[in-house]
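Secondary and tertiary structure notes
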Amino acid sequence: MTETLHSWQDHGCLATYTRENGSFATVRIYPRGVVLVDFQCSDEPEEKVSAKHLLNKIEEKMVETLHNDISQVKRLPAIGRGASVDRYWPTADGRLVEYDIDEIVYSKDSPYQNIKILHSKQFGNILILNGDVNLAESDLAYTQAIMGSDQMVIDGCKKYMRKTCGDVLDNLKGDCYEILVEDCVPVLKMYAKEGRTFDYVINDLTAVPISTSPEEDSTWEFLHLILDLSMKVLKQDGKYFTQGNCVNLTEALTLFEEQLSMLYCPVKFSKEIVCVPSYMELWVFYTVWKKRLNS
């Protein structure tokens, strides 16, 4: 390999190595003793074998050179880049996770969002909305709490997500239900004006924003509007169900709970922490109800 070396008096050094086949490696040595090695090559089987052999040799050489004075050696799995199917998504609290995606089952653009259904060996078909993991066939716990979307999402889910959705999306109207594929805000405003009330209101529009302040994210304003309208169409003894966000985002969840104290009517709430398998994190769900005036 061809070597190029860069050295800085107070900031360590950087060495780059290139091969004629296009593979290359970088070695970054920091003054505090951290050594980072990054090796990139093609996805060809012989290249993978060569890369593994080379990294083994590097570890052996480091141990020999430093006379076993190494506190830790950590080798991360190879990251596949430029694949036809993206396997990597960040969790709500900023961790990068890799899914075992092997097929694009469904891909459409609606007027509202990009819709994909990808197949995972572990979780079954996974619904991806605008690049975010939304629901998988493994996630019955989520389905039992909440569900809803626009027409193209319904079309995809009723065909490719039947393990989660069952036959509920086959007909948009039945004896005791009707699915309206519309903007929910004018519908809620109309129901509130007509004085219509419901036993349950389920909100699955968006997760609690991650921003540090409601003033920094217009989604908070939208969320507050939906909360107020939902309370106006909720019966006095009715229940409102909604998702929160990742259990680790305690500040964002606290801000949401503060929003509940600023609605047009006083409310009480409870929350449940649910393991949603395909999210690879614990998720918070809320139940909200109107507070009785004498309580």
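Residues numbered from 1 in each chain as written. Predicted model: local features only at pLDDT ≥ 70, side-chain atom pairs only at ≥ 80, totals over all residues. Heavy atoms only, no water.

**Brief notes about the overall build of the protein**
Counting its regular elements, the protein contains seven helices and 14 strands. Here the C-alpha atoms of the protein give a radius of gyration of 26 Å, more than 25% beyond the 19 Å that 2.2 N^0.38 yields for 295 residues. Structurally, the protein occupies a C-alpha span of about 80 × 40 × 30 Å along its principal axes. Counting across all 295 residues of the protein, residues that qualify as buried make up 34%. The long-range share in the protein, meaning contacts at least 24 apart out of those at least 6 apart in sequence, stands at 49%. Put simply, the protein shows about 18400 Å² of open surface, and 51% of that area lies on carbon and sulfur atoms. Within the protein, the 44 negative side-chain charges are centred at a point lying 4 Å from the centre of the 31 positive side-chain charges. (Helix = DSSP H or I, 4+ residues; strand = E, 2+ residues; numbered from the N terminus. Rg over C-alpha atoms; globule rule 2.2 N^0.38 Å. Buried < 20%, exposed > 50% of the residue type's maximum accessible area, 1.4 Å probe, protein only. Contact = heavy atoms within 4.5 Å. Areas by Shrake-Rupley, 256 points an atom, 1.4 Å probe, with all protein chains shown as cover. Lys, Arg positive; Asp, Glu negative; His and termini not counted. Charge placed at Lys NZ, Arg CZ, Asp CG, Glu CD.)

**Let's talk about the environment of tyrosine 17**
Along the chain, the position of tyrosine 17 falls in strand 2 (residues 12-18). Once the C-alpha coordinates of tyrosine 17 and threonine 219 are considered, the two residues, 202 residues apart in sequence, prove to be 47 Å apart. Among the polar contacts made by the side chain of tyrosine 17, one reaches the side chain of glutamate 3 at a distance of 2.8 Å. (Polar contact = N/O pair within 3.5 Å; in protein donor to acceptor, adjacent residues only side chain to side chain.)

**Re the environment of lysine 189**
Tracing the chain through its elements places lysine 189 in helix 5 (residues 184-194). On the basis of relative accessibility, which here comes to 46%, the residue lysine 189 falls in the partly exposed class. Remark: the alpha-carbon pair of lysine 189 and threonine 26, spanning 163 residues in sequence, is separated by 59 Å.

**A closer look at the UniProt feature "active site" (unreviewed entry) in the protein**
Mapped onto this numbering, the UniProt entry annotates "active site" (unreviewed entry) at Asp204. The residue aspartate 204 is located in the loop between strand 11 (198-203) and helix 6 (218-232) in this model. Reaching out from aspartate 204, the side chain makes a polar contact with the side chain of glutamine 243 at a distance of 2.9 Å. (UniProt positions renumbered as here; feature names shortened; annotations may be inferred.)

**Looking at helix 6**
Counted at 1.5 Å a residue, the expected span for helix 6 with its 15 residues is 21 Å, and the 22 Å between its end C-alpha atoms agrees. Looking only at helix 6, the buried set comprises Trp220, Leu223, Ile226, Leu227, Asp228, Leu229, Ser230 and Met231. As for helix 6, its buried residues are in contact with helix 5, strand 11, strand 12 (234-246), helix 7 (250-260), strand 13 (267-276) and strand 14 (281-290). (Expected span 1.5 Å × (residues − 1).)

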